[in-house]
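# Examining the three-dimensional arrangement
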Amino acid sequence: MHRKGSSRSPVQAATISRREVEMMVGDSADHLQLEIQKRDEKVESLEERQKGCERKISKISRDEDITSKHLTRVETSLSEKIEDIDKTARNSQVTARAASATANKSYDEALLATTSLAEVRGKLQQLEKEITFLKLNPHKRPIAVSIPLSFVERTERRSDYTRGRRPKLSTGTPNSTPRDEFTRESAEGLQDPAETLLGNNNDRANLKEEGHDADEIFTEYRDQSTSEPDVLEELLNSPCGSEVCSESAGCAISSESGLRSLFDEISQADALSFPNKGHEGGQMSTEVFRNPPSVKHASIRPSKLDEASIDDICTLDGNAPANSSIIGYCGILDRTSVHARLFANHRNVAVRLQAEIIARKVEEERAILRNLLLKEWRRQRTASQEVNFLDTSKYFNRSLRLLPASILAVYILVGTLHLLSDLSLADCSFLLRSLRLVLGIVLATSTSIYATSLTESIFVDTRSVLKILQVQPQHQAYLVCPRCSKLHQFFPDDPESDPPMICNKKELGVRCGATLLKSRKSSNDPGRRIPEPIREYRHQPFNDYLARLFSRPELQDHLDQDPRKGGKGTGTGDHWDIWDAPCLKEFKGPDGKTFVGTKDETRLVFSINMDGFNPYGNREAGKKVTLTAIYLVCLNLPPSIRHKMENIYLAGIIPGPQAPSDYEINYFLSPLVDDMVELWNKGVYLSQTAKHRSGRRVRVAIGPLVCDLPASRQMSGFAHYRASRFCSECDLTIDKIDDLTPRWAPRTWKSHLAAAIRWKEAKTAEEREAIVKVDGVRWSELLRLPYWDPTKFTIIDSMHAFYLRIFQHHCRSIWGMNVNLEDGDGPTFDRAGKPPPEEQMALGYQVLRHGHQSKLLDLPRNVLRELCRQASIPFRRNKAVLIQQLVEYRIQQRWFNEDGVHLGDPESAEAVDHPFVQQRMYSSEVLPDDKAVEHYWLTASKTKLRSLNKPDLLIMVQCKVLPRPCLTEEKAAALTVPELRRILEARRHEVGITDAEGRLLAAPSKKTRVLGKKTLAEIRKDMARLQLPSWVARAPSHPGEKKWGKFTADQWRTYCMQILPVTLIRLWGKKPADSTEYRRLDNFMHLVSAVKLATMHKVSEDQIVEYEFHIRHTSRFILGVIYAYLAPFTPGDAFLLKDSIMFCSNSPQMKDLNLKALYHRDELPKKLHEMIQLYNNNYESDVRGTRLSDVFAEDNKFGVVESDVPWVASDFTPLKDEDFDLLQRWMTVHQPTDTSYSRLVALRPDIYRYGQRFTDRNRSVEDSHVIFHDGVEEAWQVGSILGIFSRASEGGPTEQTWAIIQTYEELSPKDTLKDHYRLYPVLGTCLFKNTWGRSPVLVDVRNIRCHVASCVLEVEGIDGYCRLILPLNKVGVLSSSLIFH
């Protein structure tokens, strides 16, 4: 081999004989054997040192990871400390590299020393070609050995470290072409290093003279130098410098190996950092520049800039997590470039060639990277010029993602306790200090140099923690006038701002001038007074909410899809969701096309809601303070998630103590409407979303207004529901509220808007009041939206309409409910509502048709009211008005002229004046029947008795005094009023009702209730024995007692739809059909049937018709109460908005909503995913049995919810013989061609269907009672689940699930006639025998319809005990007429 100082020429060296070579090799082998023995111990020592270095490197890397994440939140005041830590990290890295280099060098030497003689002889076969190559380059030596770097492990450490170091982007070669064109054009202009070294014509000629093929040698070397590595081992840096290389034969191996590893590293890093490289349309992820491009950069022309200027504008932000991969890649290029320059002048040709190739590769990648970053910079600059551009990068580069998991967990814990558990700032600060102390103790034994700085870096100020978590949304602060509620914007965070002191409102010529600020003593300086708002309102800008919403990956597919498609009601005619309503399906956008479903932009529709709540709790007694929340719900989201707190937009909470008046609400709506007008006309361009990295334009519209009746009138601009023009649907006036004939003229948007504008432009308060009285309209800020039609979009939600209003009003106001009062007629809503007898109505109609006007005065008021009702004349008037209306009606009908002269047959008029007719015409309102006479006789006081007129006194005398020998009916009729009173008083004293002075001896209870003491006792008895599934909300345990507080909406639903039907049908269902109790029951059950139909998950046209029938039947007896609340629930679009739900009973603050969104797998590192479950267990509300449980159920809640976990062998159990026989019979009937089933099945403790848990009776009797059908018969059956099992294969999912159900014995046809529960088929309630029926049946769980409420009753006339069944279905009506027989 050629050595330095040898006298032989290269040609002589090439002609050495093979024998000489063998002799030299033999001597070398003997020498190597001795050297091996000497170096064995040295190799072992070096290996131990290498392992120690690797452990130290690993520990340093972990420390660097913690430090790099910690450095990102250090402020400017700690910059010096950052530099010190960076220097320490760099020194540690240099030390590690040097140690690794020494270890690798020793390893290479040991590898070379331990090479066997056979391996040396194998290399001799390549010696001839190497000698030929050395003829041209006698001082170079090509070696093709590589020990490449494990890129993934090293890049992870390096990328994590560089996140906090703010490195600058390295510059590249000039005249770089864009990345898309580089591979085709630019690569052609770059000369390969191998081409440079071997491409010289003289060199090729010399090789040819020696008898060698230069092209073959060139190709072989080219393939060898670019071959893929076979082994992946750790190599941090090249092991040595150029001086050592000239002295060591093995150094060339290490040098080229390191360089090739770096070359391979660049390729792998390029693939990870730019996954779309080489693909058409591929783009980088959205990078964050240190100086983000904006409109002010519009004049910059990148093509005119030099490289330094391009690098300056394209410098990335080192604190942005999105930049970590690119910054890490830049670090790889920088380090590779340094090593390539180090070996550029290496003596070995292979090393020098490899260094040249890598240097060119680095320059290529730098040029590509620069062009990609410039392309992204240009894109961001173009996007910033979009109309209404909004930079959303802060929601994708949250600093909390750089925090160590331990510190992040501490911050989230403290933030949760402060926002959701109301832990004070001082207590949270104490908790932070304590946790910091605990971490310090735990890390005290750590050898990491960063352990101390890690604990010291934990913030102890809760406000700083909330800032890091980014849960505090942006807001606009307003001072609220305590007198008129006008808003005045101010800036509480700006100490130099000057907030207004006095309200400047001037309207209708009157200036408010109320004081807006008050002062309080300073805690630090008692002599100082600090001004603060009397009332303050904070509005969350809608764009900020949109940016947060679109930054959440789990919502993107829902936001971009067309909400009209894919629903359960598509093509079926049934309505499952609000998007099945034509008013939303056909809603037009500003371009005249359908608003939703566009591809070039995202369009969202929101429902707007307002509700008040008492912050001190839901009590009937106590503080009466009202806070009012305004919030919006995104209807584009599926029903299962649209009402979750973290997805709701809370515009603001209006301060108390009282809710704003009708017009004052406009001040609080104005900021929201300002946002919505801009979002409708222009939309907002979000610079980045979770799905669209290049940005997306979003438009928003407000759809239905969903709230209770007073709030809906207030926000939409309609008059109060007790005003003359009370209805938001039609032009009906309050005096005709009892007119249920559907002949009303509907309101129009055009007339409503015109009247509202007139109201707004009115100059005086009197003029405005006149417009409200005539048109029933006032101005609303929502009318500024050019698309918002209040006549279509004003909706009463089901919670307020049905549960909190109708049910509550019926039980408390109409019937009365008090455990301390006796049962009775209760507080009658309409005492004259009972129709008069037919005989009196016939005489009344005779008087109206033929009698003189004076004869109308003799008619009772209830007859006059009924005459007006039948003539479609307002009848809720006093007697004089009723008579005047009937007189005008007679003239319109041409029965009388304007002078009161009868125009018909004179004989008919004379017949009315007959004395017999006059006597029969009288009907007492006070004493209409014998029951009223008896009650009055026993309970009337002396004063009340004296208030009776003569006809009533005569009735009392006739019933309670006559007959007497000395007093006949003729003589009694001739007595005066005082004489009749004395006779009655004497008789009452005689029978012991009063004393000698006329006072009642036993004062009776003055008040009674329909749901009084006895009835409530029966209700509580049924509540105790009624078995309800676990998901049903329990009714209050003490109904009728005020001290237990108000009912919630869910409690009213359970009480009126499940408890009362069971008890009242049992008590009143057996009464005569004409009795008061039976009529009450029939009326109430019509109401319950209507509510059940209106609150089903699925609504059809047939259900709407049936709903109308029941609600009209109810309204016929409770006129004027229900109609005002049910006006929107007529066939049409508004009926489909039934399941919009209110949430303000526990209205959260804006930051609470953002915190809830933080508990998601996409937001937290994997180590903290367990916190999500802990949060859900502790803070998520128990919505079982509520209206929310209907909404929050899974999207496939109308199917069987199966687990995704595969089955294992231990899950399978053989079926019992009787159960396997059931399975065989079922398969024979339903799946006769399927023979793949077996006895081995997976037993199930429970299943979930409709968002509810179904289990066997051994685990829960209540959750085992079900309604089902066997898949053959249409009729449904009732039974109890005995067991559940699934058919599956090991390692696979569930294939099919069955339930073994034992049915109850049905009543005989004779006993069925005594089942009064079957009279109300909408509820599906009926009786069964409380014994098992036929043998158990096997049912596919998909045929289980619902749970049932049940209890055991003893029914008169039926032998044995019965089991009452009340289906709890929510999807379709289960009529009791379809019971299996």
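What you see is a predicted model; the values in this text were computed from it and never measured. (Residues numbered from 1 in each chain as written. Predicted model: local features only at pLDDT ≥ 70, side-chain atom pairs only at ≥ 80, totals over all residues. Heavy atoms only, no water.)

### Let's talk about the overall build of the chain
If you tally the helices and strands in the chain, you get 50 helices and 28 strands. Residues counted as buried form 49% of the 1381 residues belonging to the chain. Surface accessibility of the chain: about 67600 Å² in total, with carbon and sulfur atoms responsible for 51%. (Helix = DSSP H or I, 4+ residues; strand = E, 2+ residues; numbered from the N terminus. Buried < 20%, exposed > 50% of the residue type's maximum accessible area, 1.4 Å probe, protein only. Areas by Shrake-Rupley, 256 points an atom, 1.4 Å probe, with all protein chains shown as cover.)

### Considerations on the pairing of strand β28 (residues 1362–1367)
Within β28, six of the six residues are buried, which leaves the element mostly enclosed by the surrounding structure. The side-chain alternation of β28 yields two buried faces, one formed by Cys 1362, Leu 1364 and Leu 1366 and the other by Arg 1363, Ile 1365 and Pro 1367. Across four bridges, the pairing between strand β25 (residues 1326–1332) and β28 is antiparallel. Bridged to Leu 1327 within β28 is Leu 1364. (Pairing = 2+ DSSP bridges.)

### Side note on unusual backbone geometry
Omega for the peptide link from Gly 656 to Pro 657 comes to 5°, which places this bond in the cis form. Within the element layout of this structure, Pro 657 appears in the loop between β11 (649–654) and α24 (665–681). Unlike most non-glycine residues, Gln 470 shows phi in positive territory, near 55°. Relative to the helices and strands, Gln 470 is located in the loop between α19 (462–469) and β2 (476–480).

### Observations regarding the nonpolar core
Membership of the largest hydrophobic core comes to 67 residues, with the highest contact counts inside it found for Phe 542 and Leu 546. Take this core: its biggest share by element is nine residues, from α24. Residues contacting Phe 542, with those up to four places away along its chain left out, are Phe 606, Leu 632, Tyr 649, Asp 675, Met 676, Leu 679 and Val 700. The next biggest cluster of nonpolar side chains, apart from the first, holds 59 residues, and it includes Trp 815, Val 1010, Met 1023 and Ile 1065. (Core = buried A, V, L, I, M, F, W, Y, C linked by side-chain atoms within 4.5 Å. Contact = heavy atoms within 4.5 Å.)

### A short note on the sheet that holds strand β3 (residues 487–490)
The strands that make up a sheet are held in pairs by hydrogen bonds between backbone atoms, and each pair lies either parallel or antiparallel. Strand order in the open sheet formed by three strands is β3-β2-β8, and the pairing between neighbours is antiparallel. Looking at strand neighbours, the two that pair on one side only are β3 and β8 (536–539), the edges of this open sheet. Ignoring strand direction, the axes of neighbouring strands in this sheet form an average angle of 35°. For β2 and β8, the ladder comprises four bridges, and the chain directions are antiparallel. Bridging from a neighbouring strand, Ala 477 pairs with Arg 538 of β8. (Axes fitted to C-alpha atoms, helices over the stretch in contact; angles between N-to-C directions.)

### Digging into helix α30 (residues 838–850)
Between its first and last C-alpha atoms α30 spans 18 Å; for 13 residues at 1.5 Å apiece the expected length is 18 Å, and the two agree. Listed as buried for α30 are Gln 840, Met 841, Leu 843, Gly 844, Val 847, Leu 848 and His 850. (Expected span 1.5 Å × (residues − 1).)

### A look at the packing of aromatic side chains
By the definition in use, this model includes 29 aromatic pairs. Ring centres of Phe 587 and Trp 680 lie 6.0 Å apart, and the angle between their planes is 50°; on these two criteria the pair is classed as tilted. Taken together, the residues Phe 587 in the loop between α22 (582–585) and β9 (602–613) and Trp 680 in helix α24 connect sequence positions 93 residues apart. For Phe 587, a relative accessible area of 10% puts it in the buried group. Take Trp 680: its relative accessible area is 6%, and that puts it in the buried class. Look at Tyr 1304 and Trp 1332: their rings are 4.9 Å apart centre to centre, the planes differ by 25°, and that puts the pair in the stacked class. With Tyr 1304 in strand β24 (residues 1294–1306) and Trp 1332 in strand β25, the pair connects residues that are 28 residues apart, well separated along the chain. A network of ring pairs unites the aromatic residues Phe 587, Phe 595, Trp 680, Tyr 787 and Phe 793 as a single cluster. (Phe/Tyr/Trp six-rings, centres within 6.5 Å; stacked < 30°, edge-to-face > 60°.)

### Notes on the environment of Glu 376
Structurally, Glu 376 can be placed in helix α15 (residues 349–384). Glu 376 sits in the buried class, given a relative accessible area of 7%. Once the C-alpha coordinates of Glu 376 and Val 288 are considered, the two residues, 88 residues apart in sequence, prove to be 9.7 Å apart.

### Regarding the pattern of salt bridges
For the structure shown, the criterion picks out 44 salt bridges. One salt bridge in this structure joins Glu 376 and Arg 379, with 2.9 Å as the shortest N-O distance. Of this pair, Glu 376 and Arg 379 both sit in helix α15, three residues apart, which is roughly one turn of the helix. Arg 379 gets classed as buried once you look at its relative accessible area, which sits at 18%. The residue Arg 538 makes a salt bridge to Glu 536 at a minimum N-O spacing of 2.6 Å. For Arg 538, a relative accessible area of 32% gives the class partly exposed. (Salt bridge = Lys/Arg side-chain N within 4 Å of Asp/Glu carboxyl O.)

### Considerations on the packing of helix α41 (residues 1013–1025) against helix α42 (residues 1049–1068)
Put simply, α41 and α42 touch, their axes get as near as 9 Å, and they point 115° apart. The handedness of the crossing between α41 and α42 comes out as right-handed. Judged by residue contacts, Thr 1015, Leu 1016, Glu 1018, Ile 1019, Asp 1022, Met 1023 and Arg 1025 of α41 engage Tyr 1055, Ile 1059, Leu 1060, Val 1062, Thr 1063, Leu 1064, Arg 1066 and Leu 1067 from α42. (Left-handed = near helix turned anticlockwise from the far one by under 90°.)

### Description of the side chain of Gln 1296
Relative to the assigned elements, Gln 1296 resides in strand β24. Only 2.8 Å separates the side chain of Gln 1296 from the side chain of Gln 1231, close enough to count as a polar contact. Separated by 3.4 Å, the side chains of Gln 1296 and Asp 1340 make a polar contact. Those residues in contact with Gln 1296, other than ones at most four positions away along the chain, are Trp 1226, Gln 1231, Phe 1285, Ser 1286, Arg 1287, Asp 1340 and Arg 1342. (Polar contact = N/O pair within 3.5 Å; in protein donor to acceptor, adjacent residues only side chain to side chain.)

### Looking at the pairing of β24
Within β24, ten of the 13 residues are buried, which leaves it mostly tucked inside the rest of the structure. By the bridge criterion, nine bridges tie strand β23 (residues 1277–1288) to β24 in an arrangement that is antiparallel. Across the sheet, residue Phe 1285 finds its bridge partner in β24, namely Trp 1298. Taking the residues between adjacent antiparallel strands as the criterion, β23 and β24 are bridged by five residues, where Gly 1291 takes a positive phi near 80°. Examined bridge by bridge, β24 and strand β26 (residues 1337–1340) share four bridges and lie antiparallel to one another. Residue pairing in the sheet places Trp 1298 in a bridge with Asp 1340 of β26. Note: β24 against β25, two bridges, orientation antiparallel. When the sheet's bridge partners are listed, Glu 1306 is paired in β25 with Phe 1328.

### Let's talk about a negative patch on the surface
There is a patch of like negative charges on the surface, built from Asp 40, Glu 41, Glu 44, Glu 47 and Glu 48. Positionally, Glu 48 belongs in helix α2 (residues 18–71). (Patch = residues over 30% accessible without salt bridge, like charges linked within 9 Å, V, L, I, M, F, W, Y side chains within 5 Å. Lys, Arg positive; Asp, Glu negative; His and termini not counted. Charge placed at Lys NZ, Arg CZ, Asp CG, Glu CD.)

### Here's the deal with helix α29 (residues 798–815)
Between its first and last C-alpha, α29 extends only 22 Å over 18 residues, short of the 26 Å set by a 1.5 Å rise per residue. At His 809, α29 shows its largest kink, close to 40°. For α29, the buried fraction is high: 13 of the 18 residues fall into the buried class. Note on α29: the residue one or two positions beyond its end, Gly 816, has a positive phi of about 90°. (Bend = angle between axes of the 7 residues up to and from the residue.)

### Overview of the environment of Glu 1041
Its location among the elements puts Glu 1041 in the loop between α41 and α42. Through-space distance from the C-alpha of Glu 1041 to that of Asn 818 is 6.5 Å; in sequence the pair is 223 residues apart. Among residues more than four places away in sequence, those in contact with Glu 1041 are Val 819 and Arg 1020. At 2.8 Å, the side chain of Glu 1041 forms a polar contact with the side chain of Arg 1020.

### As for the confidence of the model for the chain
Per-residue confidence for the chain gives a mean pLDDT of 75, with 71% of residues at or over 70. Note that residues 132–204 has pLDDT below 50 and, in this model, 192 contacts with residues that lie over four places away or in other chains. (pLDDT = per-residue confidence, 0-100.)

### Observations concerning the packing of helix α32 (residues 861–870) against helix α33 (residues 879–892)
Interhelical geometry of α32 versus α33 gives an angle of 40° and a closest axis separation of 10 Å. One finds that α32 runs oblique with respect to α33. Relative to α33, the crossing made by α32 is left-handed. For the pair α32 and α33, the contacting residues are Arg 861, Leu 864, Arg 865, Leu 867 and Cys 868 in the first and Lys 879, Leu 882, Ile 883, Gln 885 and Leu 886 in the second. Across the contact of α32 with α33, the residue classes tally to six nonpolar, one polar and three charged. (Parallel < 35°, antiparallel > 145°, perpendicular 65-115°, else oblique. Nonpolar A, V, L, I, M, F, W, Y, C, P; charged D, E, K, R; others polar.)

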